[in-house]
Amino acid sequence: MMFPNKWRETIDPFTLNFKYFILKEILGYPHAGNDVFYVKGIYNGDEIYAFIKVDRQKGADVKNEIEVLNKIHIENIPQIIDYDPKMTYRVSIALKGERLSTILGDNLNLESLEYLEKYGRKLGEIHLIEGDFENVKDRRFFHIPSMTYFEENNLDINIYKYLNNNKPELINYCFCHGDFHYANILWENKNISGILDFELAGIGNKEFDIAWAIILRQGQKFLKTNVEIEKFMKGYNSVNHCNINYVKYYMILIYVWFYEFSNAEHKKVILSEIERLK
């Protein structure tokens, strides 16, 4: 997997006080909210490839990610090999694989259908994890935007009314990944080889977690059709269950929040998706 050159100012990872890891070379700077570095170094006497993640943005929670990863026991999650006492950074061995966005390209012939059932099944399995976890942190995406937000973004007021009049009657709580979208899932030989970024994980809203996984993001070339969504949900329902109407509601809610920072083309897509889901 290739990663970009430095695209913004970051901390200097060579200044971090590693206990077990010896940093030798920075190989790339993955796009992320925190400072993330793809590196080469020494661990237990062997040369390895690794990722260093350092708290940067407000709301970042490397500490939560470390604690969650130390509690869950599933395949294909990062193996943490070093972190500081305050848990503001962590080092993990690099997992192999590519993102679906790289594998599928333009997805002209719906090659995505070979992957989506496994994608949905994996989220269903994650939602079955049991243990003592903190509640997920509150996020603005969980709440209906204000009337002012709709006015400033020229959004139809009927969408605002729909969100207020159709709130799910209850929240189905379970362990949630919190950010289970395609950029955090790696694939190798058509199987999931890596599940990344557990910063937002914890006990949360099952249907919101599903919605976050399957909404159509700007530039995304898969999960654009009903048959793809159905394939994902078939995988999910093979090991778990959910309220699909609640999922649709949260998809609309997330789309409304995403509208603000989407380009003109994707705004049209969002409005079309909202009408389809209502």
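The preceding data block contains the structure.
These remarks concern the structure in this document. (Residues numbered from 1 in each chain as written. Predicted model: local features only at pLDDT ≥ 70, side-chain atom pairs only at ≥ 80, totals over all residues. Heavy atoms only, no water.)

1. Considering the pattern of salt bridges
Proximity of charged atoms lets side chains of opposite charge pair with each other.
Logical step 1: On inspection of all chains with the given rule, the structure shows 16 salt bridges.
Logical step 2: Where Arg121 meets Glu125, a salt bridge forms, and the shortest distance between an N and an O atom there is 3.1 Å. With Arg121 and Glu125 both in helix α3 (residues 113-126) and four residues apart, this pair spans about one turn of that helix.
Logical step 3: By relative accessible area, Arg121 is classed as partly exposed at 37%.
Logical step 4: We classify Glu125 as partly exposed; its relative accessible area is 29%.
Logical step 5: Here Glu275 ties to Lys278 by a salt bridge, and the two come within 3.5 Å at their closest N and O atoms.
Logical step 6: You can call Lys278 partly exposed: its relative accessible area is 39%.
Logical step 7: Through salt bridges with shared partners, a single network forms among Lys53, Glu65, Arg90, Asp197 and Glu199. (Salt bridge = Lys/Arg side-chain N within 4 Å of Asp/Glu carboxyl O. Helix = DSSP H or I, 4+ residues; strand = E, 2+ residues; numbered from the N terminus. Buried < 20%, exposed > 50% of the residue type's maximum accessible area, 1.4 Å probe, protein only.)

2. Focus: unusual backbone geometry
Logical step 1: Residue Asn107 is not a glycine yet carries a positive backbone phi of 55 degrees.
Logical step 2: By the element assignment, Asn107 lies in the loop between α2 (100-104) and α3.
Logical step 3: Looking at Asn107, the relative accessible area reads 5%, which means it is buried.

3. Comments concerning the pairing of strand β5 (residues 89-93)
Logical step 1: Within β5, four of the five residues are buried, leaving the element largely enclosed by the surrounding structure.
Logical step 2: Direction of pairing for strand β3 (residues 46-54) relative to β5: antiparallel, over a ladder of five bridges. Bridging from a neighbouring strand, Val54 pairs with Tyr89 of β5.
Logical step 3: Across three bridges, the pairing between strand β4 (residues 80-83) and β5 is antiparallel. Along β5, the bridge assignment pairs Ile80 with Ser92. (Pairing = 2+ DSSP bridges.)

4. Section: the sheet that holds strand β1 (residues 21-28)
Logical step 1: Here we have five strands laid out as an open sheet, ordered β1-β2-β3-β5-β4, and antiparallel in their pairing. Each edge of the open sheet is held by one strand with a lone partner, namely β1 and β4. Adjacent strand axes in the sheet meet at a mean angle of 35 degrees when their direction is disregarded.
Logical step 2: By the bridge criterion, nine bridges tie strand β2 (residues 35-43) to β3 in an arrangement that is antiparallel. Bridge pairing in β3 places Tyr38 opposite Phe51.
Logical step 3: On top of the sheet, helix α1 (residues 62-71) reaches β3, β4 and β5; it is set at about 40 degrees to β5, its chief contact. (Axes fitted to C-alpha atoms, helices over the stretch in contact; angles between N-to-C directions. Contact = heavy atoms within 4.5 Å.)

5. Some points on the packing of aromatic side chains
Logical step 1: Tallied over the entire structure, the rule returns 26 aromatic pairs.
Logical step 2: Relative to Tyr250, the ring of Phe208 lies with its centre 5.8 Å away and its plane at 70 degrees, an arrangement referred to as edge-to-face. Note that Phe208 is positioned in helix α6 (residues 206-214) and Tyr250 in helix α8 (residues 244-259), a separation of 42 residues in sequence. Of the two residues, Phe208 and Tyr250, neither departs from the other in class, the shared state being buried. (Phe/Tyr/Trp six-rings, centres within 6.5 Å; stacked < 30°, edge-to-face > 60°.)

6. Examining the environment of Asp61
Logical step 1: Among the structural elements, Asp61 can be located in the loop between β3 and α1.
Logical step 2: Along the backbone, Asp61 and Tyr89 are 28 residues apart, and their C-alpha atoms lie at a distance of 9.4 Å.

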